[in-house]
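What follows is the residue order along each chain.
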Amino acid sequence: MIRLAESFAREAHAGQIRKGEGARPYDTHLAEVADFVPRHGGDEIAIAAAWLHDTVEDTAVSHDDLVQRFGDAVAAVVAELTDDKALPKAERKRMQVVNAPGKSARAALVKCGDKTSNIRSVTLTPPDWPEARKAAYVTWGCEVVEALPQVPEGAMAEFRAAVALFRARSGD
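Residues numbered from 1 in each chain as written. Predicted model: local features only at pLDDT ≥ 70, side-chain atom pairs only at ≥ 80, totals over all residues. Heavy atoms only, no water.

1. What to know about the pattern of salt bridges
In step 1: Here the structure, examined in full by the defined rule, presents 10 salt bridges.
In step 2: For E91, the salt bridge identified is with R94, shortest N-O distance 2.9 Å. One end of the pair, E91, and the other, R94, are both in helix α6 (residues 89-99), three residues apart, so they sit about a helical turn from each other. (Salt bridge = Lys/Arg side-chain N within 4 Å of Asp/Glu carboxyl O. Helix = DSSP H or I, 4+ residues; strand = E, 2+ residues; numbered from the N terminus.)

See the structure below:
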């Protein structure tokens, strides 16, 4: 199932690139999250969801597509991680903080990996954003992750290390 999820996600995100220096293919982010999850105890469902976590939000893939291909359990985790794109960006970000405490253990682990990857990207291959915007992104990411339930301590330590690296490099 994990290899299928990886292949499906890479195909769904084909041609997409990450914001930031180097314009890396988007699937590098998915691989980082999918590598994070098993290091911190994630099972096959969580790893598959890590590969797929942005498909419904950022591609033409639907929730029903995921149910058909990967089953209810994987699709449910992805649904927990999918922002409502009908909402304005600021409201979507606010809702991530509001909804974080209600995440399942699998979704919380994937979300922690997602934010860890994103903060590393903001630090190591930064987007062309003003420093204040980068700092605000990291602060918001911390709010989301700190509100998550059931995140293994090792995952939190890896997240905190990413934040510490950002702060060290930015002088924040």
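2. Observations concerning helix α3 (residues 44-52)
Three or four residues apart is the spacing at which side chains of an α-helix point the same way, because the helix has 3.6 residues per turn.
In step 1: Across the nine residues that make up α3, a large majority, eight, are buried.
In step 2: Listed as buried for α3 are I45, A46, I47, A48, A49, A50, W51 and L52.
In step 3: Each element contacted by the buried residues of α3 is listed here: α1 (2-12), α2 (27-39), α4 (55-58), α5 (63-80) and α7 (105-124).
In step 4: Capping the start of α3, D43 holds a side-chain oxygen 3.2 Å from the backbone nitrogen of I45, two or three residues further along. (Buried < 20%, exposed > 50% of the residue type's maximum accessible area, 1.4 Å probe, protein only. Contact = heavy atoms within 4.5 Å. Polar contact = N/O pair within 3.5 Å; in protein donor to acceptor, adjacent residues only side chain to side chain.)

3. A short note on the nonpolar core
In step 1: Counting residues in each nonpolar core, the largest one holds 49 residues, and the members touching the most others are W51, L52, L66, C112 and I119.
In step 2: At the level of secondary structure, the elements contributing two or more residues to this core comprise α1, α2, α3, α5, α7, α8 (131-147) and α9 (153-170).
In step 3: Residues contacting L52, with those up to four places away along its chain left out, are A5, F8, A9, L66, F70, V74 and V78. (Core = buried A, V, L, I, M, F, W, Y, C linked by side-chain atoms within 4.5 Å.)

4. Here's the deal with the packing of α7 against α9
In step 1: In contact at an axis separation of 9 Å, α7 and α9 are set at 20 degrees when each is read in the N-to-C sense. By the angle between their axes, α7 is roughly parallel relative to α9. α7 and α9 meet at a crossing whose hand is left-handed. For the pair formed by α7 and α9, the contact residues are L109, C112, K115, T116, I119, R120, V122, T123 and L124 on the first element and A155, M156, E158, F159, A162, V163, L165, F166 and R169 on the second.
In step 2: A breakdown of the residues in the contact of α7 with α9 according to their chemical character gives 12 nonpolar, two polar and four charged. (Axes fitted to C-alpha atoms, helices over the stretch in contact; angles between N-to-C directions. Parallel < 35°, antiparallel > 145°, perpendicular 65-115°, else oblique. Left-handed = near helix turned anticlockwise from the far one by under 90°. Nonpolar A, V, L, I, M, F, W, Y, C, P; charged D, E, K, R; others polar.)

5. So, the packing of aromatic side chains
Geometry of an aromatic ring pair is reported as the spacing of the ring centres plus the angle between the planes.
In step 1: Within this structure, the stated rule accounts for three aromatic pairs.
In step 2: A ring pair is formed by F8 and F70, whose centres lie 5.5 Å apart and whose planes are at 75 degrees; its orientation type is edge-to-face. Of this pair, F8 sits in helix α1 while F70 sits in helix α5; the two residues are 62 residues apart in sequence, bridging distant segments of the chain.
In step 3: F8 gets classed as buried once you look at its relative accessible area, which sits at 15%.
In step 4: Overall, the relative accessible area of 10% leaves F70 in the buried class.
In step 5: Through a chain of ring-to-ring contacts, three or more aromatic side chains come together here, namely W129, Y137 and W140.
In step 6: Taking the ring centre of W140 as reference, the NZ or CZ of K93 above it sits at 4.6 Å. (Phe/Tyr/Trp six-rings, centres within 6.5 Å; stacked < 30°, edge-to-face > 60°. Lys NZ or Arg CZ within 6 Å of the ring centre and 35° of its normal.)

6. What about the side chain of R18?
In step 1: Here R18 lies in the loop between α1 and α2.
In step 2: Polar side-chain contacts of R18 include one of 3.0 Å to the side chain of N118.
In step 3: Within polar-contact distance, the side chain of R18 engages the side chain of S121 at 3.0 Å.
In step 4: Not counting residues up to four positions away in its chain, the partners in contact with R18 are A23, R24, P25, Y26, T28, H29, S117, N118 and S121.

7. A short note on unusual backbone geometry
In step 1: The backbone of A23 shows a phi angle near 40 degrees, a positive value even though the residue is not glycine.
In step 2: Here A23 shows up in the loop between α1 and α2.
In step 3: Backbone geometry places Q150, a non-glycine residue, at a positive phi of 60 degrees.
In step 4: Mapped onto the fold, Q150 is located in the loop between α8 and α9.
In step 5: On the accessibility criterion, Q150 (57% relative accessible area) is exposed.

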